[in-house]
Amino acid sequence: MPPLVSQEQIDAAIAEYKLSRRAAHNSQQDLPWDTIEKMSENLWTPENPDGLVFLGVAENPLLHHEVVAHINNTSAIVSKHHLGYGIGPRGSPRLKKALVSFIGSHFRPCEPVLEKDILILPGVVAVIDALTWSICNDGEGIIVPVPFYTGFGPAVSERARGVLIPAEFQSIEGYRGPDDILAPEMNKKALENSMLKATRDGVKVRAVMLTNPHNPLGRCYPEETLKTIARFCGHNNLHLIVDEVFANSVYDNPQAADVVPFTSILGLSLNDVIDRQLIHVAYGMGKDFGATGLRLGVLHSRNQGLVAAVSSICVFGWLPYVAQDMWANMLEDQAFLTSFLVKNREILTEHCAILRAFLDQHEIPFYTNVNAGVFIWVDLGHYISGGYWENGAPDLSVRKLSAPGLQVYQDRERKLLKRCLEYGIGISPGSNFSTEQLGWFRISFTVEKQALDLGLRRLLECLKEIEADGWTQRQLC
């Protein structure tokens, strides 16, 4: 989680810039955009072979040529439809109709999906922001199992003023590793523990939120776990928000054990465990269709009061109809859609295998049971802890480290990232995802093969240098 902003910082910003208290608070946060803009100035391309290979973002440009060709061949500005206000900001009727068909075919809902239950917003983060604004009063909470997508933090707190409540697993008796993060009984206990802690802290819980497929673990939730989470929400009268943005980015991994295909929360019969008005799904064009820049997000909810509430603020995220028609064209073109999704699955299978083979070859531990998303959860704790230890490596669990120890290993994580950037390779630290144990990093594999091979070579060189240099060989408790 990001460091808290102090009252002194807020008061100083108000005095200097004459801002509202909420704006002053946001102005003092450590935002990533300056860093991202600087990194983007020197990214790798075939024409810039010394540029940064960035494997730290969950984007999939591998089929951009297919997306661009389809848009160029099917899209044109039509003044009547694209240059006026249209029918308003809640979404193109054409896109909604296409989504009803698409969701019906690929999410296999138990009940029909209706156009009136769909709103179009500028990306999944905007959907989460709108849901938080609609569900939570200031200071009320949403429980999220850890580790979780880094965008959830700003989506919940920066405008809607909700509070993220981590549901942690490592303190639960019997916890063995990342597989347990998707296990039904472990989720039940983690949710119960986080609910109790929130109550003790005086935070009213309003919802549970998760990503399925999981980000950053890259695995689909089993049906029984989804039912367990829904049952918990129903029992406690909580909303259930499911981000399904990687729903069609599931691939084949013959090395994975006990993985399951994607099951949408819409595909489960849950009327006996939770009020269907409390279930909300976020989806978008960004991940499955490799078009994060078009900012097309989807909210599905059968709660007409919530849909009306979000409709009242849709005007602030009014998406151009021309962009909505680009996606509608793809969804309506069944031949293209079928071919594209098959190619996407094949290319994800291929590129994941490249990264897995690299990690296996160099004996770098990683979470092996992956079959979804565009990344692998990799354990670089060996390089954080300082190499080999006679009595075993230190436990990098955040809850077990002393305050000085935690600061030392967090500093090492930052130094590892900095050194990677110096070698021309960018990856994402687990701390961005509120991981319970330091040393984990999310590494994406959806860049072209030449860049992926180069980036992994640079990563290996960097890690070898760190291992040769070593950190201070002093164990911290």
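Quick note: structure is the one above.
Residues numbered from 1 in each chain as written. Predicted model: local features only at pLDDT ≥ 70, side-chain atom pairs only at ≥ 80, totals over all residues. Heavy atoms only, no water.

Asker: A description of the overall build of the protein chain should follow, citing residues and the corresponding values.
Answerer: Within the protein chain, the regular secondary structure consists of 16 helices and twelve strands. Relative to the compact-globule value of 23 Å for 477 residues, the protein chain shows a C-alpha radius of gyration of 22 Å, a close match. Its C-alpha atoms put the protein chain at 70 × 55 × 55 Å along the principal axes. Buried positions account for 54% of the 477 residues belonging to the protein chain. Total accessible area on the protein chain stands at roughly 21900 Å², and carbon and sulfur atoms take up 52% of it. (Helix = DSSP H or I, 4+ residues; strand = E, 2+ residues; numbered from the N terminus. Rg over C-alpha atoms; globule rule 2.2 N^0.38 Å. Buried < 20%, exposed > 50% of the residue type's maximum accessible area, 1.4 Å probe, protein only. Areas by Shrake-Rupley, 256 points an atom, 1.4 Å probe, with all protein chains shown as cover.)

Asker: A description of the pattern of salt bridges should follow, citing residues and the corresponding values.
Answerer: Under the counting rule described, the total for this entry stands at 19 salt bridges. The salt bridge involving Glu140 is made with Arg206; its shortest N-O contact spans 3.0 Å. Here Arg206 lies in strand β5 (residues 205-211) and Glu140 lies in the loop between α7 (124-135) and β3 (141-145), a separation of 66 residues in the sequence. Among the residues examined, Glu140 registers a relative accessible area of 11% and is labelled buried. Relative accessible area serves as the criterion here: at 22%, Arg206 is assigned to the partly exposed category. If you follow the salt bridges from partner to partner, you end up with Arg94, Asp325 and Glu332 in one network. (Salt bridge = Lys/Arg side-chain N within 4 Å of Asp/Glu carboxyl O.)

Asker: Any chance you could break down the sheet that holds strand β8 (residues 297-301) for me, citing the residues and the numbers?
Answerer: Strand order across the open sheet formed by seven strands is β2-β8-β7-β6-β5-β3-β4, with mixed pairing between neighbours. Edge positions in the sheet fall to β2 (118-121) and β4 (163-167), since each of these pairs with one other strand and no more. Strand-to-strand twist across the sheet, computed as the mean angle between neighbouring axes with direction ignored, equals 25°. Here β3 runs beside β5; their pairing, made up of three bridges, is parallel. Bridge pairing in β5 links Gly141 to Val205. Its contacts with the sheet put α7 on β2, β3, β5, β6 (239-243), β7 (279-284) and β8, and the angle it makes with β7 is roughly 160°. In this fold helix α9 (residues 184-200) packs onto β3, β4 and β5, with an angle of close to 135° to the strand it touches most, β4. (Pairing = 2+ DSSP bridges. Axes fitted to C-alpha atoms, helices over the stretch in contact; angles between N-to-C directions. Contact = heavy atoms within 4.5 Å.)

Asker: Requested: an account of the pairing of strand β12 (residues 440-444), with residues and values cited.
Answerer: β12 sits mainly inside the fold: five of its five residues count as buried. Burial of β12 is two-sided: the residues Trp440, Arg442 and Ser444 facing one way and the residues Phe441 and Ile443 facing the other way are all buried. Across five bridges, the pairing between strand β9 (residues 375-379) and β12 is antiparallel. What sits directly across from Asp379, in β12, is Trp440. Here strand β11 (residues 428-429) runs beside β12; their pairing, made up of two bridges, is antiparallel.

Asker: So what about the sheet that holds β11? Which residues, and what values?
Answerer: Taken in spatial order, the three strands of this open sheet run β9-β12-β11, and their pairing is antiparallel. Only two strands of the sheet have a single partner each, and these edge strands are β9 and β11. Against the sheet, helix α15 (residues 403-422) contacts β11 and β12, and its axis sits at roughly 25° relative to β12.

Asker: Tell me about the packing of aromatic side chains, and name the residues and values.
Answerer: Tallying each qualifying case throughout the model produces 16 aromatic pairs. For the pair Tyr149 and Phe152, a centre-to-centre distance of 5.5 Å together with 80° between the ring planes defines the contact as edge-to-face. By relative accessible area, which is 22% here, Tyr149 ends up partly exposed. Judged by its relative accessible area of 2%, Phe152 falls in the buried class. An aromatic cluster is built from Phe102, Phe107, Phe262, Tyr283, Phe289, Trp327, Phe336 and Phe340, whose rings are joined through pairwise contacts. The aromatic ring of Phe375 is capped on one face by Arg442, whose charged end is 4.8 Å from the ring centroid. (Phe/Tyr/Trp six-rings, centres within 6.5 Å; stacked < 30°, edge-to-face > 60°. Lys NZ or Arg CZ within 6 Å of the ring centre and 35° of its normal.)

Asker: Please give an account of the packing of helix α4 (residues 64-74) against helix α13 (residues 334-361) that cites residues and values.
Answerer: In a packed pair of helices, the relevant descriptors are the angle between the two axes and the axis-to-axis distance. Taken N-terminus to C-terminus, the directions of α4 and α13 make an angle of 165°; their axes are 11 Å apart at the nearest point. On the basis of their axis angle, the class for α4 and α13 is roughly antiparallel. As for how α4 packs across α13, the hand of that crossing is left-handed. Packed against α4, whose contacting residues are Glu66, Val67 and His70, the element α13 presents Phe336, Phe340 and Lys343 at the interface. (Parallel < 35°, antiparallel > 145°, perpendicular 65-115°, else oblique. Left-handed = near helix turned anticlockwise from the far one by under 90°.)

Asker: Outline unusual backbone geometry, supporting the account with residue identities and numerical values.
Answerer: A cis amide bond links Val146 to the next residue, Pro147, at an omega of -10°. Here Pro147 lies in the loop between β3 and α8 (152-157). The linkage connecting Asn215 with the following residue, Pro216, adopts the cis geometry, with an omega of 25°. When you line up the elements, Pro216 lands in the loop between β5 and α10 (223-235). Unlike most non-glycine residues, Arg161 shows phi in positive territory, near 65°.

Asker: Which residues make up the environment of Pro254, and what are the values?
Answerer: Mapping Pro254 onto the fold places it in the loop between β6 and β7. Spatially, the C-alpha atom of Pro254 lies 9.6 Å from that of Ala353, the residues being 99 residues apart in sequence.

Asker: Describe in detail the packing of α7 against helix α11 (residues 304-311), supporting the description with residues and values.
Answerer: Across the interface, α7 lies against α11 with an axial gap of 10 Å and an inter-helix angle of 115°. On the basis of the axis angle, α7 is roughly perpendicular to α11. For the element pair α7 and α11, the recorded crossing hand is right-handed. Each of Ala130, Leu131, Trp133, Ser134 and Ile135 in α7 lies in contact with α11, whose residues at this interface are Leu306, Ala309 and Val310. Looking at side-chain class alone, the contact of α7 with α11 contains seven nonpolar, one polar and no charged residues. (Nonpolar A, V, L, I, M, F, W, Y, C, P; charged D, E, K, R; others polar.)

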